[in-house]
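Residue-level structure breakdown
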Amino acid sequence: MNETDASPDGHNRQTWRLLRLASFALLTLAALTVVLIAAGVFDPRPLGQLWRTDTPSVRTLPDTGAATFPQSPPWPAPPNRFSVRLRAAKMGEQADIGYGLALGDEKAQLIVAVSPFGYLSVWEERGGEIINNMPWQPWPHVRPGAAENEIWLDVATTGDRSQVTARVNREQLWQGKIERLSPDVALWLGSFSGPATVDFRALEWFAP
């Protein structure tokens, strides 16, 4: 009789111990995951090491339109794999604008831009033709208003094609294999309604 009574109790105690151990293990794993995320362990990595950080500073458009501001790269010869990472923010009252990065030259270029309204776009300009990879549209990871946004391009070129990955605020936005572009990099600023001013705060260059 005693053995029969003790057996269920012993089984229950063992079950509760296992449940407590499992709960503790899950809590420990969750805490470790949070710490690793905060430490940036799972963040995407640029294609290579940091070569230089530039501070392009403030750029202004006097009226409606668009302009590019070429930037000088730090490397003596264009690498086949590189990353550029821009941090910028709107200045002034005008919000009907866009700003970002342009890869290429006046013959052909890829542009990734964001708007203070929370919109963004990815497009190509080739010989006067516009190819809209992503027309202007809202995206939840764009920081609106005067908040700073980060635009990041990874470029890996093989032969006559380039694999380009675009991220905004560390979230992947677009990826595509396109016809090879000049490795030139420029700041891009556009206005849809009057003067525009943007503080291009930092431009980081990475390559193997």
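Residues numbered from 1 in each chain as written. Predicted model: local features only at pLDDT ≥ 70, side-chain atom pairs only at ≥ 80, totals over all residues. Heavy atoms only, no water.

Moving on, we come to the overall build of the chain. Summing up its helical and strand segments, the chain has one helix and 13 strands in all. Along the chain, from the amino end to the carboxyl end, the secondary structure elements read α-β-β-β-β-β-β-β-β-β-β-β-β-β. Looking at the chain residue by residue over its 208 residues, the buried ones come to 40%. Pairs at least 24 residues apart make up 64% of the contacts formed inside the chain by residues separated by at least 6 positions. (Helix = DSSP H or I, 4+ residues; strand = E, 2+ residues; numbered from the N terminus. Buried < 20%, exposed > 50% of the residue type's maximum accessible area, 1.4 Å probe, protein only. Contact = heavy atoms within 4.5 Å.)

The subject of this paragraph is the environment of L86. Structurally, L86 is set in strand β4 (residues 81-91). Residue classification places L86 among the buried residues on the basis of a relative accessible area of 0%. When the C-alpha atoms of L86 and R201 are compared, they prove to be 7.6 Å apart, with 115 residues separating the residues in sequence. Not counting chain neighbours up to four residues away, the residues in contact with L86 comprise G100, L101, N149, E150, I151, L187, F200, A202 and L203.

Next up on the list: a nonpolar patch on the surface. A contiguous nonpolar surface patch, about 420 Å² in accessible area, is contributed by F117, Y119, W136 and F192. Mapped onto the fold, W136 is located in strand β8 (residues 129-138). (Patch = residues over 30% accessible without salt bridge, like charges linked within 9 Å, V, L, I, M, F, W, Y side chains within 5 Å. Areas by Shrake-Rupley, 256 points an atom, 1.4 Å probe, with all protein chains shown as cover. Salt bridge = Lys/Arg side-chain N within 4 Å of Asp/Glu carboxyl O.)

It is worth spelling out the sheet that holds strand β12 (residues 185-191) at this point. Spatial strand order, β3-β12-β5-β6-β7-β8: six strands in an open sheet with antiparallel pairing. Two strands bound the open sheet, and with one partner strand each, they are β3 (65-71) and β8. Taking each pair of neighbouring strands and ignoring which way they run, the sheet shows an average axis angle of 15 degrees. The sheet contact formed by β3 and β12 spans seven bridges and is antiparallel. From the neighbouring strand, Q71 faces β12, where its bridge partner is V185. (Pairing = 2+ DSSP bridges. Axes fitted to C-alpha atoms, helices over the stretch in contact; angles between N-to-C directions.)

Take the nonpolar core next. Counting residues in each nonpolar core, the largest one holds 38 residues, and the members touching the most others are L101 and L173. At six residues, strand β13 (residues 196-207) tops the list of elements feeding residues into this core. With residues up to four places along the chain from it excluded, the contact list for L101 reads V84, L86, L110, I111, V112, I151, L153, V185, A186, L187, W188 and L203. The next biggest cluster of nonpolar side chains, apart from the first, holds six residues, and it includes I111, W123, A186 and W188. (Core = buried A, V, L, I, M, F, W, Y, C linked by side-chain atoms within 4.5 Å.)

All right, on to the pairing of β8 then. Of the pairings in the sheet, the one linking strand β7 (residues 119-126) to β8 comprises seven bridges and is antiparallel in character. Paired with R126 across the two strands is E129, which belongs to β8. Linking β7 back to β8 in an antiparallel pair, the connection comprises two residues, with G127 at a positive phi of about 55 degrees.

This next bit is on the pattern of salt bridges. Counting across every chain of the model gives ten salt bridges. The salt bridge involving R126 is made with E124; its shortest N-O contact spans 2.9 Å. R126 gets classed as buried once you look at its relative accessible area, which sits at 16%. By relative accessible area, E124 is classed as buried at 6%. The closest approach of N and O atoms between D199 and R201, which form a salt bridge, is 3.3 Å. Residue class for D199 comes out buried when judged on its relative accessible area of 18%. When salt bridges that share partners are traced, they join R85, E150, R170 and E204 into one network.

Of the strand pairs in this sheet, strand β10 (residues 161-168) and strand β11 (residues 171-179) are connected by eight bridges, and their pairing is antiparallel. Note on β11: the bridge partner recorded for R161 is E179. Counted along the chain from β10 to the antiparallel partner β11, the turn is two residues long, and its residue N169 has a positive phi close to 55 degrees.

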